[in-house]
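The residues making up each chain are set out below.
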Amino acid sequence: QAYFKAPSGYYYWKIDIESKRGETTSALVDDLRIARAYLAANERFGGVYQQELQAMSDIMLKTDIDKNGNPCDFYDGAANAPADTVSLFYLDVETMDRLCALDKRWAKTTAVAHRILRQMPENDYGFYSPTYSYAKQRYVETDSINMVENLYTAIDAFNAGKNTRLFEKFLQQQVRKGKIYNH
């Protein structure tokens, strides 16, 4: 933890091997993974990780969530501000739902994540926009498709209640062909 945690409490998303210094940013997706691990450990070992889980929840709400309750891609410690976008594959609503069950301060953020995932557009093959911009109040398209990110987005969208059959159908067709390409 000494290398991965900023003095203000958030976790760096990356460490420079040579200098052993952290980037000045966090990553919501990584913080949710840490929270998920604390949730699992807390359940498995009878609540002994409750303090760490609460501290993780506190720091995420302070850094990864903007003042409007929106989950954000990252927190920039140098700018002391969260991003104004969120990558859709970062929206692990299963973990957010579990955090919300323990800490009601997650209610608005969890609701926002569910809404963004349920309302996101999909193309003719079921692929999703990679990002949502809060500043522009819209989904942001790109020229390329990242299959891994789309798969995580589809899982999160399904967990949020979105019909993901079109993407599932595409995946099944590709598996039958023997390969799934990342573009």
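Use the structure listed above.
Just so we're clear, the structure is a prediction, and the values are computed from it rather than from any experiment.

## Details of the pattern of salt bridges
- This structure, assessed with the given rule, holds six salt bridges.
- E43 is the partner of R98 in a salt bridge, and the nearest nitrogen-oxygen pair spans 2.7 Å. Here E43 lies in helix α1 (residues 28-44) and R98 lies in helix α3 (residues 93-102), a separation of 55 residues in the sequence.
- Note on R98: relative accessible area 24%, which makes it partly exposed.

## Let's talk about the packing of aromatic side chains
- Scanning the entire structure with this criterion turns up ten aromatic pairs.
- With centroids separated by 6.3 Å and ring planes inclined at 35°, the aromatic side chains of Y38 and Y49 adopt a geometry described as tilted. Here Y38 is found in helix α1, whereas its partner Y49 is found in the loop between α1 and α2 (50-63), with eleven residues between them in sequence.
- When its relative accessible area of 30% is taken as the criterion, Y49 is described as partly exposed.

## A closer look at unusual backbone geometry
- Positive phi, close to 55°, is recorded for N80, a residue that is not glycine.
- Structurally, N80 can be placed in the loop between β1 (75-76) and β2 (81-82).
- Located in the positive-phi region is Q137, a residue other than glycine, with phi close to 55°.
- Looking at where Q137 falls in the secondary structure, it is placed in the loop between β4 (131-133) and β5 (138-140).

## Remarks on the sheet that holds strand β3 (residues 85-87)
- Read across the sheet, three strands follow the order β3-β4-β5 without closing on themselves; strand pairing throughout is antiparallel. Either end of the sheet is taken by a strand with one partner, and the two such strands are β3 and β5. On average, each strand axis in the sheet is tilted by 25° relative to the strand beside it, whichever way the strands run.
- Here β4 pairs with β5 via three bridges, running antiparallel. In the strand pairing of β5, Y132 is matched with Y139.

## Concerning a nonpolar patch on the surface
- On the surface, a cluster of nonpolar side chains totalling about 360 Å² of accessible area is made up of V148, L151, Y152 and I155.
- Mapped onto the fold, L151 is located in helix α5 (residues 147-159).

## Focus on the packing of α1 against α2
- Interhelical geometry of α1 versus α2 gives an angle of 160° and a closest axis separation of 9 Å. Classified by the interaxial angle, the pair formed by α1 and α2 is roughly antiparallel. For the pair α1 and α2, the sense of crossing is left-handed. Every residue of α2 that contacts α1 at L28, D31, L32, I34, A35, Y38, L39 and N42 is listed here: Q50, E52, L53, M56 and M60.

## Points about helix α4 (residues 107-119)
- In this model α4 runs 18 Å from its N-terminal to its C-terminal C-alpha over 13 residues, within 8% of the 18 Å that 1.5 Å per residue would give.
- Here α4 has its buried residues at T109, T110, V112, A113, H114, I116 and L117.

## Observations concerning the side chain of D66
- Within the fold, D66 resides in the loop between α2 and β1.
- We note that D66 is buried and unpaired, the nearest opposite charge coming from K67 at a distance of 6.6 Å.
- Here the side chain of D66 touches N70 through a polar contact of 2.9 Å, landing on its backbone nitrogen.
- Apart from the residues within four sequence positions on either side, D66 is in contact with C72, P82 and Y134.

## Notes on the nonpolar core
- Counting 46 residues, the largest nonpolar core has M60, V86, L88, L91, W106, I116 and L117 as its most contacted members.
- Sorting the residues of this core by element identifies α1, α2, α3, α4, α5 and α6 (165-177) as the ones contributing at least two each.
- Here this core takes six residues from α1, the largest share from any one element.
- The residues touching L91, leaving out its near neighbours within four places in the chain, are P71, V86, M96, A113, I116, L117 and D156.

Here is what the cut-offs are and how they apply
Residues numbered from 1 in each chain as written. Predicted model: local features only at pLDDT ≥ 70, side-chain atom pairs only at ≥ 80, totals over all residues. Heavy atoms only, no water. Salt bridge = Lys/Arg side-chain N within 4 Å of Asp/Glu carboxyl O. Helix = DSSP H or I, 4+ residues; strand = E, 2+ residues; numbered from the N terminus. Buried < 20%, exposed > 50% of the residue type's maximum accessible area, 1.4 Å probe, protein only. Phe/Tyr/Trp six-rings, centres within 6.5 Å; stacked < 30°, edge-to-face > 60°. Pairing = 2+ DSSP bridges. Axes fitted to C-alpha atoms, helices over the stretch in contact; angles between N-to-C directions. Patch = residues over 30% accessible without salt bridge, like charges linked within 9 Å, V, L, I, M, F, W, Y side chains within 5 Å. Areas by Shrake-Rupley, 256 points an atom, 1.4 Å probe, with all protein chains shown as cover. Parallel < 35°, antiparallel > 145°, perpendicular 65-115°, else oblique. Left-handed = near helix turned anticlockwise from the far one by under 90°. Contact = heavy atoms within 4.5 Å. Expected span 1.5 Å × (residues − 1). Lys, Arg positive; Asp, Glu negative; His and termini not counted. Polar contact = N/O pair within 3.5 Å; in protein donor to acceptor, adjacent residues only side chain to side chain. Core = buried A, V, L, I, M, F, W, Y, C linked by side-chain atoms within 4.5 Å.

In short, the description is geometric, and any link to function would need to be established separately.
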